[in-house]
Amino acid sequence: MTNLSALEMATLPKIMRSPRTVHLEISSKCNLRCLYCYYFDNPAVDYTNLPTEQWLQFFVELGSMAVMDVSLGGGEPFLRPDLTDLIEGIIQNKMRFSIISNGSLIDDHIAEYIAGTRRCNYVQVSIDGASPEVHDSCRGKGSFVKAVRGIRTLQRHDVPVVARVTLHHHNVHDMANVASFLLDELGLSVFSTNSAGYLGACRKNAGEVLLTKEDRQMAMDDLLNLSQKYTGRITALAGPLYEAKCWREMEVARLNHNPAFSKGGHLTACGCPFGEISVRADGMIIPCSMLAHMVLGRINRDSLQEVWLNNPELNRLRMRQKIPLNEFEFCRGCDYMLYCTGNCPGAAFTLTGDVNLPSPDACLRKFLAEGGNIP
Amino acid sequence: MNKPKKTPIQNPLTVLRVEFDDWAILFDPDSAKTMGINPTGVAVWKLIDGRKGIEDIVKGIKEKFSDVSISAEKEISDFIDVLYKNGFIGYSLNGETQ
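Note that the structure is predicted; figures quoted are calculated from it, not measured.

### Brief notes about the overall build of chain B
And step 1. Of the regular secondary structure elements, chain B holds three helices and five strands.
And step 2. The C-alpha atoms of chain B give 14 Å as radius of gyration, which agrees with the globular expectation for 98 residues (13 Å, within 12%).
And step 3. Considered along the principal axes of its C-alpha atoms, chain B spans approximately 45 × 35 × 15 Å.
And step 4. Within chain B, the proportion of its 98 residues that are buried is 21%.

### Considering the nonpolar core
And step 1. Judged by nonpolar contacts, the single largest core of 123 residues is most densely connected at Val70(A), Phe97(A), Val123(A), Ile285(A) and Cys344(A).
And step 2. When neighbours within four sequence positions are excluded, Ile285(A) is seen to be in contact with Ile277(A), Val279(A), Leu296(A), Gly297(A), Arg298(A), Ile299(A), Asp302(A), Leu304(A) and Val307(A).

### Thoughts on the interface of chain A and chain B
And step 1. Counting residues at the interface gives ten residues for chain A, matched by eleven residues for chain B.
And step 2. Residues that form the side of chain A that touches chain B fall into these classes: four nonpolar, no polar and six charged.

### Digging into the sheet that holds strand E3 (residues 96-101) of chain A
All names here are of chain A.
And step 1. Read from one edge of the open sheet, ten strands run E7-E6-E5-E4-E3-E2-E1-E8-E9-E10, paired in mixed fashion. The sheet is open, and its two edges are formed by strand E7 (234-236) and strand E10 (297-298), each paired on a single side.
And step 2. The strands touched by helix H6 (residues 143-156) are strand E4 (120-126) and strand E5 (161-167); relative to E4, the strand with the most contacts, the crossing angle is about 160°.

### Points about the confidence of the model for chain B
And step 1. Per-residue confidence for chain B gives a mean pLDDT of 89, with 91% of residues at or over 70.
And step 2. Model confidence for the complex: the whole-complex pTM is 0.93, and ipTM, which rates the interface, is 0.88.

Cut-offs applied
Residues numbered from 1 in each chain as written. Chains lettered and ligands numbered in written order. Predicted model: local features only at pLDDT ≥ 70, side-chain atom pairs only at ≥ 80, totals over all residues. Helix = DSSP H or I, 4+ residues; strand = E, 2+ residues; numbered from the N terminus. Rg over C-alpha atoms; globule rule 2.2 N^0.38 Å. Buried ≥ 20, exposed ≤ 12 C-beta atoms within 10 Å, placed from the backbone. Core = buried A, V, L, I, M, F, W, Y, C linked by C-beta atoms within 7 Å. Contact = placed C-beta atoms within 7 Å. Nonpolar A, V, L, I, M, F, W, Y, C, P; charged D, E, K, R; others polar. Pairing = 2+ DSSP bridges. Axes fitted to C-alpha atoms, helices over the stretch in contact; angles between N-to-C directions. pLDDT = per-residue confidence, 0-100.

Shown next, in the form of structure tokens:
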């Protein structure tokens, strides 16, 4: 690993002195084995758990760096018997937290504790269907009932709760029911959406769970309609709804011969390395869970501040946004290039083996060439 | 009748998070409130120590910056009031008379 040249350093985009948010995979274990899970079956990851005291030591460093939020995920964070000890450490170091969970292990005791901390931004529970048949199709028998019970328990204790819906081949037809169930029946204020990606355990189940071309079209059409019906209550930072919105804007811009979008024409996606960083369950510092192989250091051995500001690999990832799309054969001649960001570097790495390429999975031109329509 | 002197004091929970070029965010982890502040605001924040009154803080700012406007005292006073209203600081009544 070589350091960046003086010229590269001079052109490095401005970065904050420390990350605002740090994502912590505090548990490498999960009580479910979802067919599309991106986390498990990654050969680059050592699935071990750090002891309590190592996390607590790290939280002191995060507090000294004025990190504002941590997200606790994994794996299933509620499997950690020391979860309340870890949360105490977060509180003592003046941070807030969120928890990413399958919801199945949430009981009154832990929900009451979380509510009492007053530091929880939200607990995110995965819900993939409006019925056990649909939800359990990829997440395992009995998981729907437990997840819904977890949400209701959190609501009973006034813990902010949101849901994450991951679209796949077996639930794509159920989005209207899902929206009604989560927003009308359970009364959640918002849910976010994504789709199963060719990562981790999903690789071996890809044929069974990934969205087909037709599924993807249906997902975009349905989610766009539902997001108009439930204004501001269905969100997406990736997946069919995100693509539907982006691609509409790109098409309007192309038809009007608009100038390039401010982040268009280069590999500008995503912005995470400028404000966030992640830590694996074994303590390895990584840019994000989607780039779990890219080890930048180890907590309590390497200074996070030093890693954040000066790690050459992280800075190269930030420099990615200087790479013009017209350098790539894949992009040449594309009418959408001025409006395209190249999309997720994690997906690009998974699909091509190179983080510094556009992600072919999220290419509008390819989608249209394969018979897709912009919704 | 003499009034007790009000001295601003930082809420010990408030986090000062410097981000770019000495611009910063004040953050209350209990309420999740945040407030962006410029480098002068950061300097004011650092002078709020529970001992200095507003006049002392203005004096400190004038010593630190060469181009302080004539309305600085009011601006600093207003800024401190905003900090108070958002819970980032409190006032200690130290018993001194004005």
